[in-house]
Structures are given as C-alpha cells and as structure tokens.
Amino acid sequence: MTDLSKSGAAVGEPTAASPAPSAFLEVRDLKVHFPTDDGLVKSVDGLSFQLEKGKTLGIVGESGSGKSVTSLGIMGLHTAGQYGKRKAQISGEIWLDGTELLSADPDHVRKLRGRQMAMIFQDPLSALHPYYTIGQQIVEAYRIHHDVDKKTAKRRAVEMLDRVGIPQPDKRVDNYPHEFSGGMRQRAMIAMSLVNNPELLIADEPTTALDVTVQAQILDLIRDLQKEFGSAVIVITHDLGVVAELADDLLVMYGGRCVERGPAEKVFYEPRHPYTWGLLGSMPRLDRDQQERLIPVKGSPPSLINIPSGCAFNPRCPYADLPKDNVTRTVRPELAEVGSRHWAACHLGKEQRERIWTEEIAPKL
Amino acid sequence: MLAYLIRRLFAAVVMLVVIVMVVFGIFFLIPKWAGVDIALSFVGKQADPAAVEGVREKLGLGDPIYAQVWEFFKGIFAGRTYTGGGDSIQCAAPCFGYSFRSEQAVWPVLTDRFPVTLALALGAAVLWLILGVSAGVLSALKRGSLWDRGAMVIALSGVSLPIYFTGMVALSIFVYGLDLFDGQFVPLDESFSGWFGGMILPWITLAFLYAAMYARITRATMLEILGEDYIRTARAKGLKERTVIGKHAMRSTMTPLLTMLGMDLGALIGGAILTETAFNLPGLGQAVLNAIKNQDLPIILGVTLITSLAVLVANLVVDILYAVIDPRVRLT
C-alpha cells in the first residue's frame, strides 16, 4: 500500500534532482504564490508543460487564471526588482535549453532575459518608456547583450523597425512612443523584443489593447517572424480567436492550474473539459450563418486565496453533480490522457464527456 | 521645442506685466478705496503735514491711477526723479521705488540683500535634493523595512517642526554647545570660510524641512513608478537593476520633484523670513520683516515684486527643464 502511494506521488512531482529535459522549454510543477494580508494568493499552483523550438503554445484562461503570472515567472520577473518584505514564493522547475532558471544565479537569468527569452506586453503605450525615443529603447535592448557602438546598434534598430513593417524606419526611429499609433507601438515593441533574436518569445495578450483591425496584422507579424527566426513562442490570451490563428498547442488555465492541454485542433474541436466548453461557448464566431446568443460561463473566477476544494471549477460547472459521491467537491482531479497528446482534468467519465460534447455542447456552438 | 520656448517666454513676460499691475493695485488702489491716505503710510504716522504733502506730490498720488502705474513702470527701466514739496530726489534705474522713511532707494536694498537669500536658498536646495531624494529612493526600495520606517519618522518630524524651533536647537547644539561654528553671518567677499561657517547651519536647518518633504514625495513617486509597465519592460530587456532604478525610474521620478523645486526655490528666493530671522542673516526676508515692522511700504512693495519675479523665473526654468525631460510636454 505505502509503496504504491509513494511511487504514485513520484510520477507527478519531479524532484529538483530530476535530469534536464530534452524539450527546449519545460516547466515542471510551477507554483507562484504571493503572501498578502488576506492570505496566500496561489496564482499558479502546479503547472507543467513543454515547448519545442519553432512551435507556438497558446495559454488561455480568463483574468486571474494565472496566465501572466506564469509568463513573468518564466522570465524571472517576480524575483527581479522585488522590494519590501513580501516576496513571491516560487517553486518547481523551469528548464530553458538545459538550464534550470529558478535555481540559477539571478544575474545569469538576467543576462538570458532579452537575449534568449524576450517578452511582448499587453499595452505597448505603458510598456514603452514615455521619455525615451523608440530608437533609444531598442538600442538599449541591443547594447545590453551586444558589445557594439551606438551607431551600429541604431542601424540594427532601424533594420528591426523595417522588418516589423514600420514605414520610414530611419525617421521613425527618432520618434517618441506617443508619436506612434497603437499598432505601430506594438510593432516597435515586437522589434525591441526580437532585436537579439531570442529563442523564446512570450507574448502576453499582444493584441488586447489594440484596435480590432490591427490585431490580425500583429498576429500575422508574430507568426511570420516566428517562421523566420524559428523561435519558440508562448501566446497568452483570453481570446480564443487569437490562439486559433497562431498556436500549435493549447493550454487552458483555470484557478492557477492547467485544466486541459493538447494540440490546438483537438482542444478546439474535441474539447474534453467543461471549462473549455464554456470558453468556446462565450466566443463570438463569424464562421456560422446562424448567430446564436453567446453562452457565458456562469459565476465569477475563483478566489485564488480560497480556491474551491475538489475541482476548482465545480461551483460554476453545470455537470458538477454528475460524478458520484460528491467527488467534484472533495477530490482535485489530475490531468488524465483523453487522446493522443491530449490531457484534461475532470471527474466526468471519458465517454460521458464525449457524449455531452457531441450531443449538448457542439450543436449550440 | 523652439516654439515651446517662445511661447513660455511670452507667457512669462505677460505674467510679469500682470504681476506688476496687481501688486501696484494692492498697494495703491485698495488703500484708496478703503479711504486710507497712502501718502501717510509712505511717510510715517508721526510726519508733519508738509512732509505728507511733499510725498503726495512726489508720488503723483493725485494723478489718475494709470499715470501712476506708468510712472512706476518707467522708473524700473529709465529711472525716476521724485519732485515735490520743495526738493527733488533722484532714483536711478532700475528704480523700484524710494523709501521716504529710511531715505534710501529700494533697489540697492534689494541688491544688497538678494545674494544672501539666493545663497541660502541654493545651498539649502542642493543639500535637500541630495538628502531628500536619496533617502526617498532608499525608502522606496526598502519599503516596510526599519530604514524606511525610521527615515519616514524623521521626515515627518522634519515636515512638522517649525524652522524657528529646529533653528534654535541647531544653534544651541552646534554654536553654543559644541562651539563648532561661529554662528555669525560674514559676507562672502570678506572671507569664504567665515561665510561658509555662517551659512552651514541655516542651510542644514532649511534643508532639513525641505529634505523631509522631498523624501516623502520621492518615496511615493518612486513606488508608483516602480509599478509602471515600462519598468517591467526595462527588466525584461535584461538591464541591471541599478540601471532600471538609476536611469528608467529616476528619469520619471524627476518630473514631480522638478515642479516642486521650481515653486520652492522661487518662494525661498523671495525671502526665507523664518530662517533669516532665526540665524540673523541679512537677506530679503529679514529686510521685509523689518520693513513690515517699520511700515516701510516701498521696501515691502519692492520685495514683493522681486519675489514674484523670482517665482516667475524659477517656473520658467522649470518649464524649460520639464520639456527637456518629458518629450510630451513639448507639444503642449
């Protein structure tokens, strides 16, 4: 008995001594907790995934599901610049190209930031320093990691601005962020993050702050640049439409944990978690003739201080009462394989979910 | 940028004219409406009627008000001769008025006193900027620590304690207790070390008050800026934390500090009355205090004008520096 439970625990929880993975990026059991006056906020509570070079992973979920916290965790931005007593508590492992980042020297991780891994932020107006020109900011990003003079760096900046489709880059390079339009600013932001040819690019809601007409252009740009540079990309969004265009794999987060993960087309066309169904139901679709009313996910996201016991989604799940013995409210479901490279964490039986999806959910979408 | 400069300069000149008119109005029009004889307040209460009439004639108080303003304006640029009551007094340009009470032109009094006040204000400003800003930044970076709490308690006491208290304490400790300084003002052209020794306590006392305010503002601003997205971007680039704070965060923190500095310096140059009184410094503040005591209206008028001018110039400089720091300002 005891042996069984021990070995069972060892499977899902790799220890710090576990060997370097073969994947380019592998996150193992990542936990990011923030101590506050009200209690411990478990923003990310046990998240694992892998990502290969040249591939795109989409992380979706509603506000407060832990998407951005995950990305900042990978970049090491929870620990950099942490002032005051309350520090974020981070555990787990983040392997990037054979290096474990959480146990690595912070200064080493700093040198990787911007060079091996770079990030695009949600709102390019607030993410760019208002007092420096676009050029100055790109030049700075380049010169941290390359020992070149300002002239060479500026040439590189102009080249990058040209590459991301900014007209008259040699003139625009001397403009300030407030002199750019929203879409141009995000292009400049992308140029800045790609200036060092990073192997991992994290785009945190790259189109949320943009005009709808510009969104598609930016997504196209990210996809083109990824093909060109062959980098691994993580796209974080609450908009399934965004990842539908970009992602190879999808990871659906809820309450700081992964509830479903798999190839994008699987998650889109054969989703196996009630929360994913809810997300799909609340997404406007243009490819359908008949416009049904959107079906929102009822209720609000869980408190990350008091995450519901059992399945975190149970208070909002229409099928929470189907499994026997009140198990949805007492036992936390683990990710289980539901198809090839496709996992979901749900207490409902596999056949039961297939039936609900094909008979009840899919026809309404 | 040039257009911005010209606009600011033009605004400053217009402001100057408005200030002179308002000040003139306060000193000459309001007493008139209130039915007070202005000539009487210019010459003193125990003056004989002939002297009062002489001053009335010299100032042209019987003329329409616009003529009086014009004469005053003209005096600033071309000098003025006060004639009336059987004698005439020459007041060379720039003539900011003449004190019939103390029988001296106002301008030499101002130029005499101004360097002392300017030195007091500038020296203290350098001190409080160094102390206040570094204490504020450190407090922000070590928020909640013993250092932060300690510094903020000291800052709170600095803001709350009046100059005449801290000044007296400083004097009793450093001059009368430890005998470190002489405590006497010595003009700069007599002896630098004597001047420095006389100024150091006023500087520290004045800087203590302002450093406290600047530390609190710096801390609050820095904390706000550190939460900005572009600071996160700076870190995401791989910049060293020292550069993130020293370059990216400091540049933004400077803007509100500069605004404050402009107003504070302007006000101080107009006369740090309390500090100058506590340390017996012969500056503008002391001059105006004496003038108030003696009801010497022309001196008060002159100092008021100089004060307004100082605030105006300080704000002009701040506006220009503002545009240098923040490119968005250049558009407005």
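Residues numbered from 1 in each chain as written. Chains lettered and ligands numbered in written order. Predicted model: local features only at pLDDT ≥ 70, side-chain atom pairs only at ≥ 80, totals over all residues.

A.B. asks: Give a detailed account of the overall build of chain A, specifying residues and quantitative values.
C.D. replies: The secondary structure content of chain A amounts to 14 helices and 12 strands. At 22 Å, chain A has a C-alpha radius of gyration in line with the 21 Å of a compact globule built from 365 residues. The C-alpha extent of chain A, read off along each of the three principal axes, is 70 × 55 × 40 Å. Out of the 365 residues in chain A, the part that is buried amounts to 45%. (Helix = DSSP H or I, 4+ residues; strand = E, 2+ residues; numbered from the N terminus. Rg over C-alpha atoms; globule rule 2.2 N^0.38 Å. Buried ≥ 20, exposed ≤ 12 C-beta atoms within 10 Å, placed from the backbone.)

A.B. asks: Which residues make up the interface of chain A and chain B, and what are the values?
C.D. replies: Residue-level contacts link 28 residues of chain A with 24 residues of chain B. Here the side of chain A that touches chain B takes four residues from helix H5 (residues 134-145) of chain A, the largest share from any one element. (Contact = placed C-beta atoms within 7 Å.)

A.B. asks: Account for the domain arrangement of chain B, naming residues and giving values.
C.D. replies: All names here are of chain B. Here chain B is partitioned into domain 1 (2-95) and domain 2 (109-331). A straight line from the C-alpha centre of domain 1 to that of domain 2 covers 33 Å. Taken together, the 12 residues of domain 1 in the interface contact 13 residues of domain 2. The leading source of residues in the side of domain 1 that touches domain 2 is helix H1 (residues 2-33), at 10 residues. Along the lines of polarity and charge, the residues of the side of domain 1 that touches domain 2 split into 10 nonpolar, one polar and one charged. (Domains from an automatic or database assignment. Nonpolar A, V, L, I, M, F, W, Y, C, P; charged D, E, K, R; others polar.)

A.B. asks: Account for the nonpolar core, with residues named and values stated.
C.D. replies: Here is a general trend for soluble globular proteins: nonpolar side chains tend to be buried in one another's company. Core analysis: the biggest nonpolar cluster contains 169 residues, and A:Ile138, A:Ala157, A:Ala191 and A:Val252 have the highest contact counts within it. Two domains share this core, each providing at least three of its residues, namely domain 1 (2-95) and domain 2 (109-331) of chain B. Not counting the four nearest positions on each side in its chain, A:Ala191 is found in contact with A:Ile138, A:Met160, A:Leu161, A:Arg163 and A:Val164. (Core = buried A, V, L, I, M, F, W, Y, C linked by C-beta atoms within 7 Å.)

A.B. asks: Pulling in residues and values, what's your account of H5(A)?
C.D. replies: Residue and element names in this part refer to chain A. A rise of 1.5 Å per residue sets the reference length of H5, with its 12 residues, at 16 Å; its end C-alpha atoms lie 18 Å apart and thus fit the reference within 8%. Most of H5 sits inside the fold, with nine of its 12 residues counted as buried. Taken as a whole, H5 has its buried residues at Ile134, Gly135, Gln137, Ile138, Val139, Glu140, Ala141, Tyr142 and Ile144. Residues of H5 that are buried make contact with helix H6 (150-163), helix H7 (169-172) and helix H8 (182-194). (Expected span 1.5 Å × (residues − 1).)

A.B. asks: Break down the packing of H5(A) against H8(A) for me, with residues and values.
C.D. replies: All names here are of chain A. Orientation of H5 relative to H8, taken along the N-to-C sense of each, is 20 degrees, at an axis distance of 8 Å. The pairing of H5 with H8 is recorded here as roughly parallel in orientation. Considering how the two elements wind past one another, H5 and H8 form a crossing that is right-handed. Only Ala188, Ala191 and Met192 of H8 make contact with H5, whose side of the interface consists of Ile134, Gln137, Ile138 and Ala141. For the contact of H5 with H8, the residue count by class is six nonpolar, one polar and no charged. (Axes fitted to C-alpha atoms, helices over the stretch in contact; angles between N-to-C directions. Parallel < 35°, antiparallel > 145°, perpendicular 65-115°, else oblique. Left-handed = near helix turned anticlockwise from the far one by under 90°.)

A.B. asks: Outline the UniProt feature "transmembrane region" (unreviewed entry) in chain B, listing residues and values.
C.D. replies: Residues and elements named next belong to chain B. When the UniProt feature table is mapped onto this chain, "transmembrane region" (unreviewed entry) is found at residues 9-30, 116-141, 153-175, 195-215, 257-279 and 299-325. A distance of 30 Å separates the end C-alpha atoms of residues 9-30, which is 100% helix and 0% strand. Taken end to end, residues 153-175 is 91% helix and 0% strand, and its first and last C-alpha atoms sit 26 Å apart. (UniProt positions renumbered as here; feature names shortened; annotations may be inferred.)

A.B. asks: Give a description of the sheet that holds strand S4 (residues 89-96) of chain A that names residues and reports values.
C.D. replies: Residue and element names in this part refer to chain A. Across the sheet, four strands lie side by side as S2-S1-S4-S5; this open sheet has antiparallel pairing. Either end of the sheet is taken by a strand with one partner, and the two such strands are strand S2 (39-51) and strand S5 (99-100). Alignment of strand S1 (residues 25-36) against S2, held across 10 bridges, turns out to be antiparallel. Its bridge partner lying in S2, Thr36 is registered against Gly39. (Pairing = 2+ DSSP bridges.)

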